[in-house]
Amino acid sequence: MSDLEQLTQALARNLKRWRGERGFTLDALAARAGVSRGMIIQIEQARTNPSVGTTVKLADALGVSITTLLDHERSPRVHVVPPGHGVRMWTGGAGSEAHMLLGDDRRGPVEMWTYRLEAGDGTASDPHPAGTFEMLHVTAGELTLVIAEERYAVPAGGAVSFEANVPHAYRNEGAAPMEMTMAVSIPPVPGAGGHH
């Protein structure tokens, strides 16, 4: 089985499982995620390979990390991700990209990402749900972080944390590539627990 087929199968199984755990009907999940009922049926029957955007919307609506939806094994206690095995979630100009390395749902979703921004590149993010928290560690170059119009410069070796329920953007205004690792803590969906 190809990686893609494995992902499609895992997504079908996990989407059904989490929709059941949350007690959402097809219509309720469709309304909550802004994804059509037909698309959800296709995904649950493993008949389609949805876009990253659709998968993110479904994960958000279910209150789980996208890695949980794509996980094709039960998570062991120790989970090693080899170099180059993160899931590429975003690409920008000239080699800029973001990968999600790890995700966990045990206490409300937590994700770990890496970003590389080429000189002059950047990416903006809409506000996340209230209670979402980001921690960034810059490993190369300099990050210009813009949070609700305020600008913060974070050089290599530096770190920053912030509440992410406001518009925010990551930019590289320097001449060298900027690389960073990011951890995102997402609040649990209210009433999402207790279905186990």
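The structure contained in this document is the topic of the report that follows. (Residues numbered from 1 in each chain as written. Predicted model: local features only at pLDDT ≥ 70, side-chain atom pairs only at ≥ 80, totals over all residues. Heavy atoms only, no water.)

## Focus on the overall build of the chain
Next up, step 1: Within the chain one finds 5 helices and 10 strands.
Next up, step 2: For the chain, the proportion of its 196 residues judged to be buried stands at 40%.
Next up, step 3: Within the chain, contacts between residues at least 6 apart in sequence are counted, and of these 63% link residues at least 24 apart.
Next up, step 4: Total accessible area on the chain stands at roughly 10500 Å², and carbon and sulfur atoms take up 54% of it. (Helix = DSSP H or I, 4+ residues; strand = E, 2+ residues; numbered from the N terminus. Buried < 20%, exposed > 50% of the residue type's maximum accessible area, 1.4 Å probe, protein only. Contact = heavy atoms within 4.5 Å. Areas by Shrake-Rupley, 256 points an atom, 1.4 Å probe, with all protein chains shown as cover.)

## Regarding the pairing of strand β2 (residues 97-104)
Next up, step 1: One ladder, built from 4 bridges, connects strand β1 (residues 87-91) with β2; its direction is antiparallel. Following the sheet pairing, valine 87 is matched in β2 by methionine 100.
Next up, step 2: Adjacent in sequence and paired antiparallel, β1 and β2 are bridged by 5 residues, among which alanine 94 carries a positive phi angle near 45°.
Next up, step 3: Where β2 lies against strand β3 (residues 110-117), 7 bridges are found, and the strand directions are antiparallel. (Pairing = 2+ DSSP bridges.)

## Re unusual backbone geometry
Next up, step 1: Here alanine 46, not a glycine, exhibits a phi torsion of approximately 55°, which is positive.
Next up, step 2: Along the chain, the position of alanine 46 falls in the loop between α3 (37-44) and α4 (52-62).
Next up, step 3: Accessibility expressed as a relative area gives 23% for alanine 46, which makes it partly exposed.
Next up, step 4: Backbone geometry places alanine 94, a non-glycine residue, at a positive phi of 45°.
Next up, step 5: Examined against the element boundaries, alanine 94 turns out to sit in the loop between β1 and β2.

## Structural notes on the sheet that holds strand β7 (residues 150-155)
Next up, step 1: In space, the 4 strands of this open sheet follow the order β4-β9-β6-β7, with antiparallel pairing throughout. Of all the strands in the sheet, just β4 (122-125) and β7 have a single pairing partner and so form its edges. Between one strand axis and the next, the sheet turns through 15° on average, direction left out of account.
Next up, step 2: In terms of strand pairing, strand β6 (residues 142-147) meets strand β9 (residues 168-171) through 4 bridges, oriented antiparallel. Of the residues in β9, the one forming a bridge with leucine 145 is tyrosine 170. (Axes fitted to C-alpha atoms, helices over the stretch in contact; angles between N-to-C directions.)

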